[in-house]
Amino acid sequence: MKWIDVLNYKELSEEAAKIIKERINNSPNLTIGLATGSTPIGLYEELIKAYKHGELSFSGVTSYNLDEYIGIDINSPQSYYQFMFQNLFNHVDIQKEKVHIPNGNTTDLQVECAQYEKLIKNSGGIDIQVLGIGNNGHIAFNEPGTSFDAKTHVVKLDDSTIAANARFFNNKDEVPVQAITMGIGTIMKSKEILLLISGKGKQEAIEKLKSGVVTEDFPASILHKHPNVTVIITNN
């Protein structure tokens, strides 16, 4: 696990964008796993800037998002579908048919999970996966106690996760209690992982990750078992 400490969020975003740009330019048909939440927004802004400056193209890129809420329409501002299009996809030349986001409004969630898993496998797996980390150590929506072998599945969100995500809704009661998430086992099959950690509120999670203790009680700890992980971190 490679750690890169930077001074602030802007540097974190720039450093992450530099890595993604290099990977895409070296492999124009890259398959990339993408995250939502506040942490990767700066990364996406930097990638949009690079695209507009002619420094990279997304035309051959295939993307897979980590997760989506269950029971939220894709047209809802709080859906991760809208998040990704507003913060990245609408501003670059990625082909819409190469964008993949779990469907949390399907009538058969188990079939959706199995199909999403199959799509990733048929794409040859994910070349580089962007991750954030929750205060409780979750990656994607894999909450503490999730099996390290889990594939794409339905998850019940922890109260702490619901509380943390309430800032994107009018109130806590509007936050969905379930989501579809890429499993830890699926994430670990990615060829490369880029973990972004920003904010003073993540200090406890940072210390637990740095301890090197691998336990399902702290899902992100499994990343110590992956051969190619870069962590970019700022306390500001």
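As a reminder, the structure under discussion sits directly above these lines.
Residues numbered from 1 in each chain as written. Predicted model: local features only at pLDDT ≥ 70, side-chain atom pairs only at ≥ 80, totals over all residues. Heavy atoms only, no water.

### Observations concerning the overall build of the protein
Alright, step 1. Summing up its helical and strand segments, the protein has 7 helices and 10 strands in all.
Alright, step 2. Rg of the C-alpha trace for the protein: 16 Å, near the compact-globule value of 18 Å for 236 residues, within the 12% margin.
Alright, step 3. Here the C-alpha coordinates of the protein stretch approximately 45 × 40 × 35 Å along the principal axes.
Alright, step 4. For the protein, the residues scored as buried account for 55% of the 236 residues in total.
Alright, step 5. Surface exposure of the protein reaches about 10700 Å², of which carbon and sulfur atoms provide 47%.
Alright, step 6. In the protein, 22 positive and 28 negative side-chain charges are present, and the distance between their average locations comes to 4 Å. (Helix = DSSP H or I, 4+ residues; strand = E, 2+ residues; numbered from the N terminus. Rg over C-alpha atoms; globule rule 2.2 N^0.38 Å. Buried < 20%, exposed > 50% of the residue type's maximum accessible area, 1.4 Å probe, protein only. Areas by Shrake-Rupley, 256 points an atom, 1.4 Å probe, with all protein chains shown as cover. Lys, Arg positive; Asp, Glu negative; His and termini not counted. Charge placed at Lys NZ, Arg CZ, Asp CG, Glu CD.)

### Observations regarding the sheet that holds strand β4 (residues 67-69)
Alright, step 1. Strand order in the open sheet formed by 3 strands is β4-β8-β7, with antiparallel pairing between adjacent strands. The open sheet has two edge strands, β4 and β7 (153-156), and neither has a second partner. Strand-to-strand twist of the sheet, defined as the mean angle between neighbouring strand axes without regard to direction, takes the value 25 degrees.
Alright, step 2. Where β4 meets strand β8 (residues 178-181), 3 bridges bridge the pair, whose relative direction is antiparallel. Pairing of Glu68 across the sheet is with Ile180, part of β8. (Pairing = 2+ DSSP bridges. Axes fitted to C-alpha atoms, helices over the stretch in contact; angles between N-to-C directions.)

### Re the sheet that holds strand β3 (residues 62-65)
Alright, step 1. One open sheet holds the 7 strands; their spatial order is β1-β10-β9-β6-β2-β3-β5, and the pairing between them is parallel. Each of the sheet's edge strands pairs with one partner strand only, and the pair in question is β1 (2-5) and β5 (99-100).
Alright, step 2. Two elements, β3 and β5, share 2 bridges in a ladder whose sense is parallel. What sits directly across from Tyr64, in β5, is His100.
Alright, step 3. Taken strand by strand, helix α1 (residues 9-26) contacts β1, β2 (31-34), β6 (128-131), β9 (192-198) and β10 (229-234), and its axis lies near 170 degrees from that of β9. (Contact = heavy atoms within 4.5 Å.)

### Topic: the layout of surface pockets
Alright, step 1. By volume, the largest pocket is sized at about 510 Å³.
Alright, step 2. In terms of lining residues, the largest pocket is bounded by 26 residues, among which Gly37, Ile133, His138, Asn165 and Lys202 are the most central.
Alright, step 3. In terms of residues, the lining of the largest pocket owes the most to one element, helix α5 (residues 159-165), which gives 4 residues.
Alright, step 4. Its volume calculated, the second largest pocket comes out at about 200 Å³.
Alright, step 5. Residue lining of the second largest pocket: Glu117, Ile120, Lys121, Gly124, Gly125, Ile126, Lys151, Thr186, Lys189, Ser190 and Lys191, and that is the complete set.
Alright, step 6. The element best represented in the lining of the second largest pocket is helix α4 (residues 109-122), accounting for 3 residues.
Alright, step 7. Residue composition of the lining of the second largest pocket, by class: 2 nonpolar, 4 polar and 5 charged. (1 Å grid on protein atoms, 1.4 Å probe; cavity = no way out; pocket = protein on both sides within 12 Å on 5 of 7 lines; lining within 4 Å. Points joined across faces, edges and corners; volume = space filled by probe spheres on them. Nonpolar A, V, L, I, M, F, W, Y, C, P; charged D, E, K, R; others polar.)

### Quick notes on the nonpolar core
Alright, step 1. Core analysis: the largest hydrophobic core is formed by 73 residues, its most contacted members being Ile20, Leu43, Leu47, Leu88, Phe89 and Ile232.
Alright, step 2. For this core, the element with the most residues is α1, which contributes 6 residues.
Alright, step 3. Non-local contacts of Leu43, meaning those with residues more than four positions away in its chain, are made with Ser13, Ala16, Ala17, Ile20, Val130 and Leu196. (Core = buried A, V, L, I, M, F, W, Y, C linked by side-chain atoms within 4.5 Å.)

### Some words on the pattern of salt bridges
Proximity of charged atoms lets side chains of opposite charge pair with each other.
Alright, step 1. Counted according to the given criterion, the structure contains 8 salt bridges.
Alright, step 2. Note that Lys208 is salt-bridged to Glu204, the shortest N-O span being 3.8 Å. Placement of both Lys208 and Glu204 in helix α7 (residues 203-211) is noted, with a separation of 4 residues, approximately one turn of the helix.
Alright, step 3. Among the charged side chains, a salt-bridge network with shared partners connects Glu22, Arg23 and Glu192. (Salt bridge = Lys/Arg side-chain N within 4 Å of Asp/Glu carboxyl O.)

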